[in-house]
Amino acid sequence: MLKKWIPLVYVVLLACQTAPKVENVEEVSIIPQPSSLKTGEGYFVIDEGTKLGIVGNESVVLPVAKHLNQYLQAVSGFELDIATSDKGKEANNSIVLELTGDNSGEESYQLESSTNGIRIQSGTAQGLFYGIQTFKQLMPTKLSSFNQQADLPVVIPSVEIEDQPRFGWRGYMLDVSRHFFGKEDVKRVLDFMAEMKLNRFHWHLADDQGWRVEIKGYPKLTEVGAWRVDYNTTDETVSNWWGRPVQKPGDKATYGGFYTQDDIREIVAYAKERFIEVVPEIDMPGHAQATIAAYPEISCTGGPFYVATGGVYKDNTYCPGKEVTFEFVENVLGEVMDMFPFDYIHIGGDECNKLSWQAHDQCQKRIADEGLEDEHGLQSYFIKRVEKIVNARGKNMIGWDEILEGGLAPNATVMSWRGETGGIASARAGHDVIMTPSKYCYLDLKQGHDDLEPNLGYSYSFLKDAYEYKIVSDSLTAEEGKHVLGVQGNLWTESISDWGKLTYMSFPRLYAIAENGWTLEQSKDWEGFTHRLQAQFKRLDAKGERYATSAFNVWIEHEGGGKSVDITLRTEVEGLDIYYTLDGTEPSINSNKYEKSFALGKTTTIKATSFRRGKQVGNVSEMTFPVHKAAGAKVVYHTAYSSRKSAGGEQALVDMNYAKLNSGDAAWQAIDGDVELDIVFENTTEVEKLELTALRMTISGTYLPETVEVYGSEDGQAFKKLGETTQLEASHTQGRNKVTTAVSFDKVAVKALKVKAKSVNPIPEGHHRAGSASRIFMDELVVY
Ligand code: ACM
């Protein structure tokens, strides 16, 4: 198949100087953008006759050459003959990997491709490896698929590239505690990291919901700590993490997993082959529910504790008052440091709840004996002792920015996540820092429109924020700025239960972070990046990976306007053409082109998408807006709405201001406890259905109503029951989503409707805000 193709391609290529491009020669699109890139004329076609020449120390270059061959084999079905002598340097129709004497930077490389062949040069194997990652992005996008495509010619456009990274620390963090990802998935993570030239894999191995690494001296860490009661859901519309029941005596803990020490060594070696250093994180002294479930003797109270099933835990800390705790830390970290050869160990240190320390005599004695000021001082004492254990092995300790509280350990490296402040303060104090501020670097946060994204994230971190984040703050001097080692994208996995969700939240924001960490500031270009992303999307398509086009998708913004709903359409990426339909058909370039806001006078489904230069770049966004019979009616409240969350007052439930899946949306009106209100129509109106959309945000006591009853009145005085919906199970289910409750009844002409909604009261034991009455958040009472 291939052999038949090649002459044909050459014919096309020969004609190519003047003729149109061959179909599969694509625009050069590399992420991260190289420091210097010049595109030239013509193409090189790799075939089975192409030689792979290696120049320089064979033991260094050969493994990199083999990596390239493996990739070619995987995507194209053939490998190249490797020529290990200097002859490779001279040959035509060759790819040459040349280890030079250049020591301009460990990770730098040059790549030159012409019609004769390709040369990749670097002073290090790592530089050559990065040259190969760039080379892979010069290949036709369809060749990113691992379904061998022998009939697709491997055509490489002519380029000259000189490249080197801006920062030495370009990281990705994966939380495998909240959801466990097995060894093979972790290898796939390392593969995509390598393709983005990321070089630090931060592995969050221990948290409240699971301990994930075998420790031979403490077997219960994995026998007990790696398993929890399974309340996982795969339904992306229901986010139940923050509302799961806790494990009770007798419950079976069946969800989890862990890596054996052999697994860890295998993964560390796999990473090393990709020039990725692995940074293990064992979170302490907080976030340790799974740890103290296994070894309650290192807690203040002695337990018993259960591995958390989800949510946020408070009584989840190591006890810094007891010596046995430090013995545990020393032994556990000793085994961890044996497994992970890199210079850095991350010990967490974030969000440590100190309530149990306040109530514990040994903690208080420690504070007194050591002359510490308070529990912050005790935390600092703990972290400083842990640092000694880490430093004694010649390693550096990293902690989240909370380790600044009570005084930083002398040699600590700080990972700044609660904004930039901690990172800036640490750099000023002469400590190295890694910047991961959540607004720019947290891949678990929502990346698009509240109602058009899978219900996986909360808060926001948008693609442009990730791309444009200034890693070294202007407020630092040049000298202080040198302490900024780099940047990292963090994926916490509370809502990420499978591979597809992992990639959806990581792509494309991780490309933005990778480019931010690699590319010189003056070479960064947001517009160009969004353009180059299209090629990455094709590569992800070829691999069958799920990814987010959120920055290109149309945001359907809406506002009630009395008798109509005003619609505005926009995209995060600027300059796209938006097309939409109002008749339920799929939008295309022949649909309505969006020019300006418009009003909907009747119930309508909008479907919209975006195009750039005539090519569709967004998915289809779809929303339906009811323009309904109660719009503009009078509402008489028998139970008052909250002044804190009034949605603008009396008309809020009939103004067609529909609220988003976001408790901060001003269109939600809140009633504490039960609801009773009347909707009074201007004229007698025929009605047959009422829909009430409520927010479920149980972490803050906002539950769905248990029942919704609708009554009708012909005269506005005497009411008769028309219908009722009861939803005991749904109203007692915890989570974070929007739910519409419909009450249907026989068509009837009325002057007024009465709506009663019963709150959950009291909220049951084991639920968020147990014991109090729930709040009901409503945006609209839609009447048909
Ligand atoms: C963190 O997000 N708690 C570091």
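You'll find the structure just up there.
Reference entry: report on the structure contained in this document. (Residues numbered from 1 in each chain as written. Predicted model: local features only at pLDDT ≥ 70, side-chain atom pairs only at ≥ 80, totals over all residues. Heavy atoms only, no water.)

Concerning the overall build of the chain
- When you go through the chain residue by residue, the secondary structure sums to 19 helices and 33 strands.
- Taken against the 2.2 N^0.38 rule, which gives 28 Å for 784 residues, the C-alpha radius of gyration of the chain at 30 Å falls within 12% of a compact globule.
- Seen through its C-alpha atoms, the chain measures out along the principal axes to roughly 100 × 80 × 50 Å.
- Out of the 784 residues belonging to the chain, those deemed buried represent 59%.
- As presented, the chain carries roughly 30200 Å² of accessible surface, and 48% of it is formed by carbon and sulfur atoms. (Helix = DSSP H or I, 4+ residues; strand = E, 2+ residues; numbered from the N terminus. Rg over C-alpha atoms; globule rule 2.2 N^0.38 Å. Buried < 20%, exposed > 50% of the residue type's maximum accessible area, 1.4 Å probe, protein only. Areas by Shrake-Rupley, 256 points an atom, 1.4 Å probe, with all protein chains shown as cover.)

A few points about the side chain of Glu 402
- Structurally, Glu 402 is set in the loop between strand E15 (396-400) and strand E16 (413-416).
- Not counting residues within four places of it along the chain, the set of residues in contact with Glu 402 comprises Gly 349, Asp 350, Glu 351, Gln 379, Trp 417 and Arg 418. (Contact = heavy atoms within 4.5 Å.)

A few points about the pairing of strand E2 (residues 51-55)
- Counted residue by residue, E2 has 4 buried out of 5 residues, so it is predominantly covered.
- Note that E2 and strand E4 (residues 94-99) share 5 bridges and pair parallel. Paired with Val 55 across the two strands is Glu 98, which belongs to E4.
- Relative to strand E3 (residues 81-83), E2 runs parallel, the two being bridged by 3 bridges. By the bridge assignment, Lys 51 is partnered in E3 with Asp 81.
- Handedness of the β-α-β unit built from E2, helix H2 (residues 58-76) and E3 comes out right-handed. (Pairing = 2+ DSSP bridges. Right-handed = clockwise from strand over helix to strand, strands pointing away.)

Focus on the sheet that holds strand E19 (residues 555-560)
- With antiparallel pairing, 3 strands are arranged side by side in an open sheet as E19-E20-E23. Looking at which strands have only one partner, the edges of the open sheet turn out to be E19 and strand E23 (598-600). Taking the axes of each pair of neighbouring strands and ignoring which way they run, one obtains an average angle of 35° across the sheet.
- Relative to strand E20 (residues 565-570), E19 runs antiparallel, the two being bridged by 6 bridges. Opposite Ile 556, over in E20, you have Leu 569 as the bridge partner. (Axes fitted to C-alpha atoms, helices over the stretch in contact; angles between N-to-C directions.)

Comments concerning unusual backbone geometry
- Omega for the bond connecting Gly 303 with Pro 304 falls within 30 degrees of zero, at 5°, which places this linkage in the cis form.
- Along the chain, Pro 304 turns up in the loop between helix H7 (289-294) and helix H8 (323-339).
- Of note, the phi angle at His 287 is positive, near 50°, even though the residue is not glycine.
- Its place among the elements puts His 287 in the loop between strand E13 (277-284) and H7.

Things to note about the packing of helix H17 (residues 509-518) against helix H18 (residues 526-543)
- Running from N to C, H17 and H18 point in directions that differ by 125°, and their axes come no closer than 11 Å. Taken together, the axes of H17 and H18 are oblique relative to one another. Considering how the two elements wind past one another, H17 and H18 form a crossing that is right-handed. For the pair H17 and H18, the contacting residues are Tyr 511, Ala 512 and Glu 515 in the first and Phe 529, Arg 532, Leu 533, Gln 536 and Leu 540 in the second. (Parallel < 35°, antiparallel > 145°, perpendicular 65-115°, else oblique. Left-handed = near helix turned anticlockwise from the far one by under 90°.)

Some details on the environment of Ser 356
- Note that Ser 356 resides in helix H9 (residues 355-358).
- The class for Ser 356 is buried, based on a relative accessible area of 13%.
- Spatially, the C-alpha atoms of Ser 356 and Thr 301 are 7.6 Å apart, while their sequence positions differ by 55 residues.
- Setting aside residues no more than four positions away along its own chain, Ser 356 makes contact with Cys 300, Asp 315 and Thr 317.

What to know about the nonpolar core
- With 153 residues, the main nonpolar core has Tyr 172, Phe 201 and Trp 203 as its most contacted residues.
- Counting 29 residues, the second largest nonpolar core, distinct from the first, contains Leu 653, Val 708, Leu 781 and Val 783. (Core = buried A, V, L, I, M, F, W, Y, C linked by side-chain atoms within 4.5 Å.)

Remarks on H17
- With respect to burial, H17 is a largely interior element, 10 of its 10 residues being buried.
- For H17, the complete set of buried residues consists of Arg 509, Leu 510, Tyr 511, Ala 512, Ile 513, Ala 514, Glu 515, Asn 516, Gly 517 and Trp 518.

Comments concerning the packing of aromatic side chains
- One pass over the structure, following the stated rule, counts 41 aromatic pairs.
- In this structure an aromatic cluster arises from ring pairing among Tyr 218, Tyr 295, Tyr 318, Phe 326, Phe 328, Tyr 381 and Phe 382.
- One Lys or Arg, Lys 136, reaches over the ring of Tyr 71 and ends 4.4 Å from the middle of that ring.
- Geometry around Tyr 467 places Lys 524 over its ring, the cationic atom sitting 5.0 Å from the centre. (Phe/Tyr/Trp six-rings, centres within 6.5 Å; stacked < 30°, edge-to-face > 60°. Lys NZ or Arg CZ within 6 Å of the ring centre and 35° of its normal.)

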